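# Architecture and fold: a report
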Amino acid sequence: MNTPRIGVLALQGAVAEHARALRAAGAEVSTVRRPAELEGLDGLIVPGGESTTMARLAAPVRLMESIRERHAEGMAMFGTCAGMILMADQILDAEALTGFERIGGLDVVVRRNGYGSQLESFVGPLQVSGIPGEDATPLQAVFIRAPVIESLGPEVEVIASWQERPVAVRQGRILAASFHPELTPDHRLHRHFVELSAQRTVS
Ligand code: GLN
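The rules we used
- Residues numbered from 1 in each chain as written.
- Predicted model: local features only at pLDDT ≥ 70, side-chain atom pairs only at ≥ 80, totals over all residues.
- Heavy atoms only, no water.
- UniProt positions renumbered as here; feature names shortened; annotations may be inferred.
- Helix = DSSP H or I, 4+ residues; strand = E, 2+ residues; numbered from the N terminus.
- Buried < 20%, exposed > 50% of the residue type's maximum accessible area, 1.4 Å probe, protein only.
- Contact = heavy atoms within 4.5 Å.
- Polar contact = N/O pair within 3.5 Å; in protein donor to acceptor, adjacent residues only side chain to side chain.

Per an unreviewed UniProt entry, the recorded name for the protein is Pyridoxal 5'-phosphate synthase subunit PdxT, and the organism is Nesterenkonia jeotgali. We quote the UniProt Pathway (unreviewed entry) comment for the protein here in full: "Cofactor biosynthesis; pyridoxal 5'-phosphate biosynthesis." What the UniProt record of the protein gives under Subunit (unreviewed entry) is the line "In the presence of PdxS, forms a dodecamer of heterodimers. Only shows activity in the heterodimer."

Encoded structure:
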């Protein structure tokens, strides 16, 4: 496998943690704040943080539109928490995002903060299907003001559920999770994304 080049959207949120996890998973990592920095990337992580802030910061340079275009050209994407919200085709409580471009492309309906407030953050053990390695121990998933996936389209595969609701999904070259895989030392989901990015066929 060639070393994939993976960017982390660095407008706001858990950027350094994702970069560290990606390096540990074998990727060459860069940060992305402007469209030109998407050049040559095999994959992009859109981190957790605050989707409304990221959408506002991206608007002046039309970064959301550029990400969407690069994805259409073959760049893989991994959205975690706020990042998943920005990739969702539909948001139920989208008022705070009205008028701001989002990335889209993931055929899910999400509800922001559906798992409650910051004080209701929790860690849940998850069985994740399809991630690399023989290790069958559950992934400890950290949920912080996490979005609920209310429904999903036929192309969307559920790879992990929490209390019978999907919390990690895959659709073609998009991976998305309601939780924060970068906040724990278990890098299996990042390794999965590095492999997905390495399978890039269109350049
Ligand atoms: N609730 C936040 C939002 O709407 C996401 C929280 C997170 O990324 N931890 O963007």
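Picking up after the structure, the text goes on.
### Observations concerning the environment of Leu 97
By secondary structure assignment, the location of Leu 97 is in the loop between β5 (88–91) and β6 (106–111). Classification of Leu 97 as buried rests on a relative accessible area of 1%. The sequence separation of Leu 97 and Thr 53 amounts to 44 residues, and the corresponding C-alpha distance is 9.0 Å. When near neighbours in sequence (up to four residues on either side) are disregarded, Leu 97 contacts Ser 51, Thr 52, Ala 55, Ile 85, Leu 86, Ile 91, Arg 102 and Arg 112.

### Digging into the environment of Arg 145
Note that Arg 145 resides in the loop between β8 (139–143) and β9 (148–152). With 70 residues separating them along the chain, Arg 145 and Met 75 place their C-alpha atoms 28 Å apart. Filtering out sequence-adjacent residues up to four positions away, Arg 145 remains in contact with Gly 49, Glu 50, Cys 81, Asn 113, Gly 116, Ser 117, Gln 118 and Ser 121. Reaching out from Arg 145, the side chain makes a polar contact with the side chain of Glu 50 at a distance of 3.0 Å. Within polar-contact distance, the side chain of Arg 145 engages the side chain of Gln 118 at 3.2 Å.

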